[in-house]
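Listed here are the chains, written in short residue letters.
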Amino acid sequence: MDEKERSGDDRDPVAAATGAPDPGTPARTGPRRAEPAAPAEAPETHDQARNAPGPAGQARPSEPGPAETPSSEPPPEAVAPLMRGIAVIQALAASRGRRRVSELARVTGLARSTVDRVLSTLERLGYVRPYEGDAVLTPALMELGNAYLAASRVPDTLGPIADALADELDESVSLAVPDADGARFVHQATRRRAMSLAFRIGDRLPAELGAPGVLFAAAWDEQDWAAWRHRRAADPDATAFAAVPPGAVAATGDERVFRARVEASHRDGTGVDDQMIEPGLVAIALPVPDPAGGIACALSVVSHTSRQTVDSLRETVLPRMREVADRMAAGLAGPSEASPDETSASPPTHGTPDAPAGSAARLAAKSDLGPEFVESLARGLAVVTALGGSAEGLPLSAVADASGLARATARRALITLTYLGYVTGDGKRFRLTPKVLDLGYSHLSGLTLPQIARPHLAALAERVHDSASLAILAGDDIQYAGRVAVARVMSVNITVGTRLPAYATAMGRVLLAGLTAADRAAYLDRVELPALTPHTVTAPADLDALLTATAQAGFALAEDELEVGLRSIAVPVRDRQGKVIAAVNVAMHVRRRTVAETEADVLPPLRAAAARIERDLRTATRYSGTAVV
């Protein structure tokens with residue numbers, strides 16, 4: 001360790017490594033990227049990796065992946081395993097979260113053995129799961145994007161204001177932040193209509209398309225415009241922007257047209273989209289200033305031509321938007337208040353339900369996986385989550401402390417992440433950039449509860465050798481929303497969408513037990529309880545007692561009540577606020593096990609499966625809503 005590290009020097013590792021003075025000015029938010037140099041003593045440097053032989057003696061590729069690739073060479077001591085790992089995540093994200101393992105090797109240009117090691121590491125961290133020869137991203141990966149969103153303060157501070165505006169106007173409202181030569185959505189308050197907004201949190205649009213981009217482009221200089229022209233020439237159809245509808249950019253990519261829109265936006269302080277993204281879609285946007293005088297985000301109201309025109313939005317909506325934008329600016333100028341469940345500065349521990357906290361999880365994983373675990377990849381991702389712990393950014397020493405890493409290790413990770421565009425800094429503190437949301441966030445934020453639950457149901461069914469299901473309450477019935485059946489001569493014949501009376505089923509009793517006292521009383525007053533078998537509980541008072549016992553025990557067991565010979569045991573699935581929103585069960589013939597064996601052998605893995613679903617649900621719904629069905 002050198003003298004500066006021992007003395008607690010928190011300068012930018014770029015400046016510290018090169019001996020340059022601290023710049024003392026904020027890094028640019030446009031398309032240009034700082035060019036970091038690196039300190040000595042990397043475990044595997046870019047130069048070492050580049051010179052090592054690849055498959056068949058070929059040079060090992062150095063590209064970070066199929067997404068936007070930095071145009072310059074990596075710093076000499078960038079952490080190559082971290083770059084390769086992120087390249088694999090990018091390749092999975094670009095294919096909607098799922099790809100054949102063999103295809104990942106081809107797309108990234110990495111050796112198959114390297115891809116296998118990366119996937120083993122990501123699986124141990126809980127970010128990837130294998131499925132039928134494919135690698136599939138999991139909701140746990142969203143904690144990387146959640147770290148950026150938490151640190152930005154935009155969703156936490158401004159999201160509730162945007163939601164209230166959407167309710168007031170009965171129109172969709174979006175918040176987008178500048179991201180290089182584009183605009184990236186970080187909050188959506190969408191009205192559910194036949195024609196409604198389909199963009200998700202994490203989606204990025206080119207600046208020339210849509211209402212927010214012209215607001216951000218008004219602050220560009222000629223170097224930014226040169227970067228925009230370069231991107232337009234290399235990708236005229238904006239294929240790198242997955243959210244862009246085909247053909248949408250053709251009419252908006254002319255520089256003279258775009259500059260005219262930017263100049264008009266600069267004059268009147270608004271951005272408009274008159275059916276540029278898609279026929280029928282109209283929007284108007286206002287900038288929300290940050291405390292430093294830049295633009296924190298753009299506030300947009302989006303409608304359809306069947307309801308509004310751009311002119312009517314200006315007349316009826318814009319005055320109220322100005323008031324709200326002022327309120328948002330005041331909110332950002334106030335002190336940062338961390339929410340109780342804010343992404344902690346500790347590294348992720350999603351690999352197992354009982355994974356140890358902090359860096360100990362990675363040390364345990366290293367001993368479990370041996371050479372197949374890429375520790376430098378795990379450390380780099382730990383730095384990403386650590387940076388989510390502060391809205392103001394963190395100095396190097398704090399990054400090292402929060403991630404549980406040595407300062408030199410944290411420094412190398414920061415250099416690599418800065419080069420790749422995921423981190424920026426002002427010479428003293430380091431912050432995540434919106435590009436972190438490129439790591440699968442948009443796709444994963446669109447997963448429904450059944451999609452989140454399915455791999456956990458499959459693992460449960462394989463563990464207990466009986467069918468596992470997920471159900472929600474639909475009126476006075478339960479409705480099956482997910483199911484993994486096992487092949488048996490005699491099995492329970494139920495499909496997704498099947499509805500059954502709640503009172504006679506274990507999942508129904510779990511869901512009814514989760515109701516408020518008033519809702520339970522109303523249910524018991526109105527519902528009829530016909531006997532479906534000689535064993536069905538039909539007295540309201542008896543059912544009420546069973547529901548109370550279910551709430552206390554945390555599970556329900558029903559036998560011979562829906563059908564003679566059928567036993568089911570169920571536990572609740574709770575949302576972020578602790579509300580019961582679904583139930584998971586295992587169903588079997590009564591001769592398969594005794595009641596005591598069912599509670600001893602099935603209940604523990606059933607509870608573990610529900611806990612895994614809840615954990616993924618908490619991560620997935622922190623900033624984006626997840627559809628129940």
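Residues numbered from 1 in each chain as written. Predicted model: local features only at pLDDT ≥ 70, side-chain atom pairs only at ≥ 80, totals over all residues. Heavy atoms only, no water.

Here's the deal with the sheet that holds strand 16 (residues 566–574)
And step 1. Read across the open sheet, the 6 strands follow the order 14-13-12-17-16-15; overall the sheet is antiparallel. One side of each edge strand has no neighbouring strand; the edge strands of this open sheet are strand 14 (499–501) and strand 15 (556–559). Across the sheet, the mean angle separating the axes of adjacent strands is 35° when strand polarity is ignored.
And step 2. In the sheet, strand 13 (residues 477–484) pairs with strand 14 via 3 bridges, with the strands oriented antiparallel. When the bridges of strand 14 are listed, Gln479 appears paired with Arg499.
And step 3. Packed onto the sheet, helix 20 (residues 506–513) meets strand 12 (467–474), strand 13, strand 15, strand 16 and strand 17 (580–589) and runs at close to 160° relative to strand 17. (Pairing = 2+ DSSP bridges. Helix = DSSP H or I, 4+ residues; strand = E, 2+ residues; numbered from the N terminus. Axes fitted to C-alpha atoms, helices over the stretch in contact; angles between N-to-C directions. Contact = heavy atoms within 4.5 Å.)

Overview of helix 16 (residues 396–403)
And step 1. Within helix 16, the full set of buried residues consists of Leu396, Val399, Ala400, Ala402 and Ser403.
And step 2. Where helix 16 is buried, its residues contact helix 15 (375–386), helix 17 (407–420) and strand 11 (430–432).
And step 3. Looking at the residues trailing helix 16, positive phi occurs at Gly404, about 70°. (Buried < 20%, exposed > 50% of the residue type's maximum accessible area, 1.4 Å probe, protein only.)

Concerning the pairing of strand 16
And step 1. In terms of burial, strand 16 is a largely internal element, 8 of the 9 residues being buried.
And step 2. Two elements, strand 15 and strand 16, share 4 bridges in a ladder whose sense is antiparallel. Opposite Ala556, over in strand 16, you have Ala570 as the bridge partner.
And step 3. Following strand 15, the chain reverses through 6 residues before pairing antiparallel with strand 16; Asp560 in that reversal takes a positive phi of roughly 65°.
And step 4. Pairing of strand 16 with strand 17, which is carried by 9 bridges, proceeds in the antiparallel orientation. In the sheet register, Val571 faces strand 17, and the bridge partner there is Val584.
And step 5. Adjacent in sequence and paired antiparallel, strand 16 and strand 17 are bridged by 5 residues, among which Gly578 carries a positive phi angle near 90°.

Some words on the pattern of salt bridges
And step 1. Considering all chains together, one arrives at 32 salt bridges under this definition.
And step 2. Linking Asp254 and Arg256 is a salt bridge whose minimum nitrogen-to-oxygen distance equals 3.7 Å.
And step 3. Residue Asp254 is classed as partly exposed on the basis of its relative accessible area of 32%.
And step 4. Residue Arg256 is classed as exposed on the basis of its relative accessible area, which comes to 69%.
And step 5. Among the ionic pairs, Arg499 bridges to Asp477, the shortest N-O distance being 3.5 Å. One end of the pair, Arg499, is in strand 14; the other, Asp477, is in strand 13, with 22 residues separating them in the sequence.
And step 6. Assessed through its relative accessible area of 25%, Asp477 is described here as partly exposed.
And step 7. Residues participating in the shared-partner salt-bridge network are Asp179, Asp181, Arg184, Arg204, Glu208, Arg231, Arg232 and Asp438. (Salt bridge = Lys/Arg side-chain N within 4 Å of Asp/Glu carboxyl O.)

Some details on the environment of Leu387
And step 1. Positionally, Leu387 belongs in the loop between helix 15 and helix 16.
And step 2. Setting aside residues up to four positions removed in sequence, Leu387 forms contacts with Ala151, Leu394, Val399, Leu414, Val423, Phe430 and Leu432.

Some details on unusual backbone geometry
Negative phi characterises most residues that are not glycine, and trans characterises most peptide bonds.
And step 1. Here the phi dihedral of Glu132 falls at roughly 50°; this positive angle occurs in a residue that is not glycine.
And step 2. Backbone geometry places Asp560, a non-glycine residue, at a positive phi of 65°.
And step 3. Topologically, Asp560 is positioned in the loop between strand 15 and strand 16.
And step 4. Residue Asp560 is classed as buried on the basis of its relative accessible area, which comes to 15%.

So, the sheet that holds strand 4 (residues 172–179)
Sheet strands pair via backbone hydrogen bonds, and the direction of the pair is either parallel or antiparallel.
And step 1. Judged by pairing direction, the sheet is antiparallel, and its 6 strands sit side by side in the order 6-5-4-9-8-7 without closing on themselves. The open sheet is flanked by strand 6 (204–206) and strand 7 (271–274), the only strands paired with a single partner. Neighbour-to-neighbour, the strand axes of this sheet turn through a mean angle of 30°, independent of strand direction.
And step 2. Pairing of strand 8 (residues 281–289) with strand 9 (residues 295–304), which is carried by 9 bridges, proceeds in the antiparallel orientation. In the sheet register, Leu281 faces strand 9, and the bridge partner there is His304.
And step 3. Sitting on the sheet, helix 13 (residues 318–333) touches strand 4, strand 8 and strand 9, and the angle it makes with strand 8 is about 35°.

Let's talk about the packing of aromatic side chains
And step 1. Within the structure shown, the criterion is met by 6 aromatic pairs.
And step 2. With a centroid separation of 5.1 Å and an interplanar angle of 20°, the aromatic rings of Phe185 and Phe199 are classed as stacked. Placement of Phe185 in strand 5 (residues 182–189) and of Phe199 in the loop between strand 5 and strand 6 is noted, with a sequence separation of 14 residues between them.
And step 3. Taking the centre distance of 5.1 Å and the plane angle of 40° together, the rings of Trp228 and Phe258 count as tilted. Placement of the pair is Trp228 in helix 10 (residues 222–234) and Phe258 in helix 11 (residues 255–268), with a sequence separation of 30 residues. Take Trp228 and Phe258: they sit in the same class, and that class is buried.
And step 4. Feature note: the residues Trp220, Trp225, Trp228 and Phe258 constitute an aromatic cluster, connected by ring pairs.
And step 5. One residue, Arg129, lies across the ring of Tyr131, its end atom 5.5 Å from the ring centre.
And step 6. Over the face of the ring belonging to Trp225 we find Arg259, whose NZ or CZ atom lies 4.0 Å from the ring centre. (Phe/Tyr/Trp six-rings, centres within 6.5 Å; stacked < 30°, edge-to-face > 60°. Lys NZ or Arg CZ within 6 Å of the ring centre and 35° of its normal.)

A word on the packing of helix 15 against helix 17
And step 1. Running from N to C, helix 15 and helix 17 point in directions that differ by 80°, and their axes come no closer than 9 Å. When the interaxial angle is binned, helix 15 and helix 17 end up roughly perpendicular. Here helix 15 contributes Arg379, Gly380, Val383 and Val384 to the contact with helix 17, which in turn contributes Thr409, Ala410, Ala413, Leu414 and Leu417.
And step 2. By residue class, the composition of the contact of helix 15 with helix 17 is 6 nonpolar, 2 polar and 1 charged. (Parallel < 35°, antiparallel > 145°, perpendicular 65-115°, else oblique. Nonpolar A, V, L, I, M, F, W, Y, C, P; charged D, E, K, R; others polar.)

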